[in-house]
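The chain contents come next:
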Amino acid sequence: SAVISQKPSRDICQRGTSLTIQCQVDSQVTMMFWYRQQPGQSLTLIATANQGSEATYESGFVIDKFPISRPNLTFSTLTVSNMSPEDSSIYLCAAGEPSNQPQHFGDGTRLSIL
Amino acid sequence: SQKIEQNSEALNIQEGKTATLTCNYTNYSPAYLQWYRQDPGRGPVFLLLIRENEKEKRKERLKVTFDTTLKQSLFHITASQPADSATYLCALVTLSGNTPLVFGKGTRLSVIA
């Protein structure tokens, strides 16, 4: 199974700044995903990162706030822009193949905004 | 509205007993249902996948059932051990295929020695 490395593992940021989270997979994968997980809550999908095309965003998430890059089949970034305290959360990267195969997750980025 | 619910937020059981976790869904037609384990500070780890036409799936001490009539999946851990203590998440994929996983909130299992 794919091994996902995510960095930074945690950060404390100032309100109004932006942070880019990186996700590296040890093998080529078709699909990469970005989730948000708030304490005691389920994982919420932000977007699916597509190689060679724009990301597909879920309802409630927009590209201006969460721009995503997917330059190749092993790497993706998520930027959290113009951060506010409401953006404090854990952001998780996942990778998988189509046809409903299991997803493999990184250990997340714990983000706190002051 | 569509919902996926894991009925127990937390479950405590004695070591050696069987833990049974429940996942119910409403207004979905899942083609697949997956179970994941999540330890504190870590990402979820895939455990088992069961398809809509499968009644039961087993892997070592783990067993998953899927009842599309009851709209429910049960996840069992037999001969539970303290090392099984973690949060267990169910997630479903709808019949439209290649759609995102929809996760429940999880059940935090504590196995007491």
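A brief look at the structure comes next.

The rules behind these values
Residues numbered from 1 in each chain as written. Chains lettered and ligands numbered in written order. Predicted model: local features only at pLDDT ≥ 70, side-chain atom pairs only at ≥ 80, totals over all residues. Heavy atoms only, no water. Salt bridge = Lys/Arg side-chain N within 4 Å of Asp/Glu carboxyl O. Helix = DSSP H or I, 4+ residues; strand = E, 2+ residues; numbered from the N terminus. Buried < 20%, exposed > 50% of the residue type's maximum accessible area, 1.4 Å probe, protein only. Polar contact = N/O pair within 3.5 Å; in protein donor to acceptor, adjacent residues only side chain to side chain. Contact = heavy atoms within 4.5 Å. Pairing = 2+ DSSP bridges. Axes fitted to C-alpha atoms, helices over the stretch in contact; angles between N-to-C directions.

**Concerning the pattern of salt bridges**
Residue and element names in this part refer to chain A.
Line of reasoning, step 1. Under the counting rule described, the total for this entry stands at seven salt bridges over all chains.
Line of reasoning, step 2. Across the salt bridge formed by Asp87 and Lys65, the nearest N and O atoms sit 2.6 Å from each other. With Asp87 in the loop between strand S8 (75-80) and strand S9 (89-96) and Lys65 in the loop between strand S6 (56-57) and strand S7 (68-72), the pair connects residues that are 22 residues apart, well separated along the chain.
Line of reasoning, step 3. For Asp87, a relative accessible area of 5% gives the class buried.

**Some remarks on the side chain of Ser73(B)**
Residues and elements named next belong to chain B.
Line of reasoning, step 1. With respect to the element layout, Ser73 can be found in strand S8 (residues 72-77).
Line of reasoning, step 2. Note on Ser73: relative accessible area 0%, which makes it buried.
Line of reasoning, step 3. Reaching out from Ser73, the side chain makes a polar contact with the side chain of Trp35 at a distance of 3.1 Å.
Line of reasoning, step 4. Apart from residues no more than four positions distant in its own chain, Ser73 is found in contact with Leu21, Thr22, Cys23, Leu33, Trp35, Val64, Thr65 and Phe66.

**Here's the deal with the sheet that holds strand S3 (residues 19-25) of chain A**
All names here are of chain A.
Line of reasoning, step 1. On the basis of which strands lie adjacent, the open sheet formed by four strands has the order S1-S3-S8-S7 and antiparallel pairing. The open sheet is flanked by strand S1 (4-7) and S7, the only strands paired with a single partner. In this sheet, adjacent strand axes meet at a mean angle of 15 degrees when their direction is disregarded.
Line of reasoning, step 2. Note that S7 and S8 share three bridges and pair antiparallel. Each residue of the ladder has a partner; that of Ile68, found in S8, is Leu78.

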